[in-house]
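What the coordinates show
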Amino acid sequence: MSVAGLCEICERPDVDHTCDRCGRLVCDRHWDADIGMCVECGAEVGQPSDRTSPEDMPDGVDTYRF
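Remember, it's a predicted structure, so these values are computed and weren't measured experimentally.

The secondary structure content of the protein amounts to one helix and four strands. Secondary structure elements of the protein, listed N to C terminal, follow the sequence β-β-β-β-α. Classification of the 66 residues of the protein by burial places 24% in the buried group. Nonlocal contacts in the protein, meaning residues at least 24 apart in sequence, comprise 5% of its contacts between residues at least 6 apart. By element, 47% of the accessible surface of the protein is carried by carbon and sulfur atoms, the whole surface being about 5,000 Å².

This is the structure:
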């Protein structure tokens with residue numbers, strides 16, 4: 001998606017993306033295409049590979065989902 005403006009992280013003029021989570025306009029350098037978010041939101045949320053699957057948890061561990 002091509003949008004007009006400055007990158008809201010580094011203020012470069014070549015903005016190409018809008019974060020799906022926070023709505024920031026960001027350049028290619030601050031865009032994570034794998035998760036569809038800016039790098040700052042990606043750092044807060046984490047990568048899908050960072051999550052532990054329930055099958056890998058030891059017995060007796062409760063899983064809470066919100």
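Resuming the write-up.
Take unusual backbone geometry next. A positive phi angle, near 65 degrees, is found at Glu11, a position not held by glycine. Among the structural elements, Glu11 can be located in the segment before β1 (17-18). Here Glu11 falls in the exposed class, since its relative accessible area comes to 59%.

Let us look at the pattern of salt bridges. In total, this model carries three salt bridges according to the counting rule given. Between Glu44 and Arg21 there is a salt bridge, and its shortest N-O distance comes to 2.7 Å. Placement of Glu44 in helix α1 (residues 39-45) and of Arg21 in the loop between β1 and β2 (25-26) is noted, with a sequence separation of 23 residues between them. One salt bridge connects Arg24 with Glu40, and the closest N-O pair in it is separated by 3.1 Å.

Moving on, we get to the confidence of the model for the protein. With 65% of its residues at a pLDDT of 70 or more, the protein has an overall mean of 79. β2 holds the highest mean pLDDT among the elements of the protein, 94, whereas α1 holds the lowest, 90.

Rules used in this analysis
Residues numbered from 1 in each chain as written. Predicted model: local features only at pLDDT ≥ 70, side-chain atom pairs only at ≥ 80, totals over all residues. Heavy atoms only, no water. Helix = DSSP H or I, 4+ residues; strand = E, 2+ residues; numbered from the N terminus. Buried < 20%, exposed > 50% of the residue type's maximum accessible area, 1.4 Å probe, protein only. Contact = heavy atoms within 4.5 Å. Areas by Shrake-Rupley, 256 points an atom, 1.4 Å probe, with all protein chains shown as cover. Salt bridge = Lys/Arg side-chain N within 4 Å of Asp/Glu carboxyl O. pLDDT = per-residue confidence, 0-100.

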